[in-house]
Amino acid sequence: MNEYMRIAELLSSRSRDRISALASLLRSLPQEEICPAVRLLTGDIRPSWSPGELTGRGVVMDSLLSISDQIEGGDLGEMAEHAIRHKRQSGIDEAPLTIGYVHSVLNSVMISKGRGSEKRRRSMLTGLLLSSAPLEGRYIALTATGIRSGIGPRTVASAISRAFGVDIKKVWAAYSRHPEMGRVAEAASSGALDGIRLTPGVPFVMMEIPKLEIASGQVPLTGSDLICCARRGIRVQLHLSEGRSWLFTTRRRDVSHIVSGLRAGLIGSAMLEGEMRAGNDLSQITRLINRRRSSRRSSIRPSIIIWDAVCIDNREIVDLAYSERFRLASEVVRKIEGDALELSIVEPLDPAEALQDGLPVVARSPSAPYLLGRRSSVDFQIVPRRPQAFHGAD
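Residues numbered from 1 in each chain as written. Predicted model: local features only at pLDDT ≥ 70, side-chain atom pairs only at ≥ 80, totals over all residues. Heavy atoms only, no water.

Focus on the overall build of the protein chain
In step 1: A tally of regular secondary structure across the protein chain gives 13 helices and ten strands.
In step 2: Within the protein chain, the fraction of its 394 residues that count as buried is 51%.
In step 3: Put simply, 72% of the contacts in the protein chain that link residues at least 6 apart link residues at least 24 apart.
In step 4: Of the roughly 19800 Å² of accessible surface on the protein chain, a fraction of 47% belongs to carbon and sulfur atoms. (Helix = DSSP H or I, 4+ residues; strand = E, 2+ residues; numbered from the N terminus. Buried < 20%, exposed > 50% of the residue type's maximum accessible area, 1.4 Å probe, protein only. Contact = heavy atoms within 4.5 Å. Areas by Shrake-Rupley, 256 points an atom, 1.4 Å probe, with all protein chains shown as cover.)

With respect to the environment of M124
In step 1: Inspection of the secondary structure assignment puts M124 in helix α7 (residues 117–130).
In step 2: Separated by 61 residues in sequence, M124 and S63 have C-alpha atoms that sit 9.0 Å apart.
In step 3: With sequence-adjacent residues up to four places away left out, M124 is seen in contact with V105, S108, V109 and S112.

A word on helix α11 (residues 181–189)
In step 1: Among the residues making up α11, those that are buried are M181, G182, V184, A185, A187 and A188.
In step 2: Buried-residue contacts for α11 involve α3 (31–41), α9 (153–164) and α10 (168–177).
In step 3: Of the residues one or two after α11, G191 is the one with positive phi, at around 70°.

Concerning the environment of I147
In step 1: Relative to the assigned elements, I147 resides in the loop between α8 (134–145) and α9.
In step 2: Spatially, the C-alpha atoms of I147 and G77 are 9.3 Å apart, while their sequence positions differ by 70 residues.
In step 3: Beyond its immediate sequence surroundings of up to four residues, I147 is in contact with L76 and L142.

Re the packing of aromatic side chains
In step 1: Applying the stated criterion to the full structure yields three aromatic pairs.
In step 2: With a centroid separation of 4.9 Å and an interplanar angle of 40°, the aromatic rings of W172 and Y175 are classed as tilted. Placement of both W172 and Y175 in helix α10 is noted, with a separation of three residues, approximately one turn of the helix. Each member of the pair, W172 together with Y175, is buried.
In step 3: Of note, R154 hangs over the ring of W172, and the distance from its end group to the ring centre comes to 3.7 Å.
In step 4: Lying over the aromatic face of Y322, R364 brings its terminal NZ or CZ to 4.2 Å of the ring centre. (Phe/Tyr/Trp six-rings, centres within 6.5 Å; stacked < 30°, edge-to-face > 60°. Lys NZ or Arg CZ within 6 Å of the ring centre and 35° of its normal.)

Points about the confidence of the model for the protein chain
If pLDDT is low for a region, its predicted coordinates should not be looked at in detail.
In step 1: Here the protein chain shows a mean pLDDT of 86. Residues at 70 or above account for 86%.
In step 2: Confidence, read as mean pLDDT per element, is least for helix α12 (residues 282–290) in the protein chain (70) and greatest for α10 (98). (pLDDT = per-residue confidence, 0-100.)

Some points on α3
In step 1: Of all eleven residues in α3, nine are buried, a share of seventy percent or more.
In step 2: Turning to α3, its buried residues are E33, I34, C35, P36, A37, V38, R39, L40 and L41.
In step 3: On its buried side, α3 packs onto α1 (5–12), α2 (18–28), α6 (99–111), α9 and α11.
In step 4: One or two residues past the end of α3 sits G43, with phi positive at roughly 80°.

Spelled out as structure tokens, the structure:
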């Protein structure tokens with residue numbers, strides 16, 4: 001059995017040879033431990049779109065106070081280390097913590113819900129922290145609360161490539177279609193990376209559209225080779241399949257309660273991208289996202305404006321030109337019904353008029369493909385530069 005201490009030591013390491021150390025760990029793990037190990041290394045417990053809630057800081061602090069009278073340090077990780085060094089008692093089992101056990105307990109903590117769930121969470125965390133070494137406790141506390149302590153996906157992708165002898169581009173392509181490195185590492189270890197495809201209900205990594213800041217009066221747009229639209233909301237992706245609908249944010253958070261009223265019975269499946277608006281107030285979108293479920297009493301009626309498609313009827317279309325993807329997205333939107341929100345296809349603007357309202361403008365090349373998980377070199381978002389205030393002499 002592999003000890004969790006190996007994960008904690010890698011998380012605390014700042015060695016230049018970190019990728020080699022990660023690759024060595026991955027190669028040494030049995031198949032069933034690869035996914036939980038990578039999740040713990042990235043600071044995750046479950047995919048970002050899966051049900052479950054991270055533990056609040058207060059629950060972790062209560063657990064620390066129950067095992068030690070001495071809570072010192074700057075951040076939560078340091079407090080956990082200090083508390084464990086000065087704990088009043090030891091755990092029931094003095095055997096080293098294993099990767100599988102730590103992941104299993106943290107997963108149980110995350111999915112615990114209902115009456116008494118906070119007490120259960122506290123009890124499970126207390127037991128886990130009592131059995132941990134100080135360094136292990138540091139990363140258990142940080143992972144449980146979702147404080148970013150993990151290794152980034154680019155570094156982990158390089159380690160997966162080295163560990164299993166696969167092309168780094170294939171690793172990133174798989175991650176862009178299923179953005180959870182544990183699943184990607186598991187597939188790479190068994191030679192199944194090519195089997196990871198775009199799937200409705202699983203968010204993809206949206207193409208990065210770089211920002212171009214311009215001064216007032218500048219219009220860097222040529223109308224013949226660009227399709228433009230104004231940005232008034234936040235980027236989202238809408239998935240449809242067999243009468244079901246999902247909505248995900250740019251951070252791949254599942255906010256499907258917002259689209260629970262959509263009816264798409266005439267559609268096989270589709271994965272679309274666009275933006276969500278709620279009037280001119282972005283705070284209304286925040287309230288919609290943070291709401292646990294849809295509310296018939298809400299006065300907020302969101303709208304989703306679709307501007308792209310990446311998959312239609314389980315066929316990936318990312319290599320098609322944008323003009324063709326836009327046409328296919330338009331056909332899908334015309335078949336969708338629903339009264340909970342307004343769904344429409346974006347109306348392209350004339351480049352000469354695109355910047356008149358002072359809003360960010362997205363300019364798309366009609367011939368460009370969709371680069372999953374990568375940065376476009378031909379599409380861009382134009383952001384008007386705010387004039388600097390003039391300070392005259394006193």
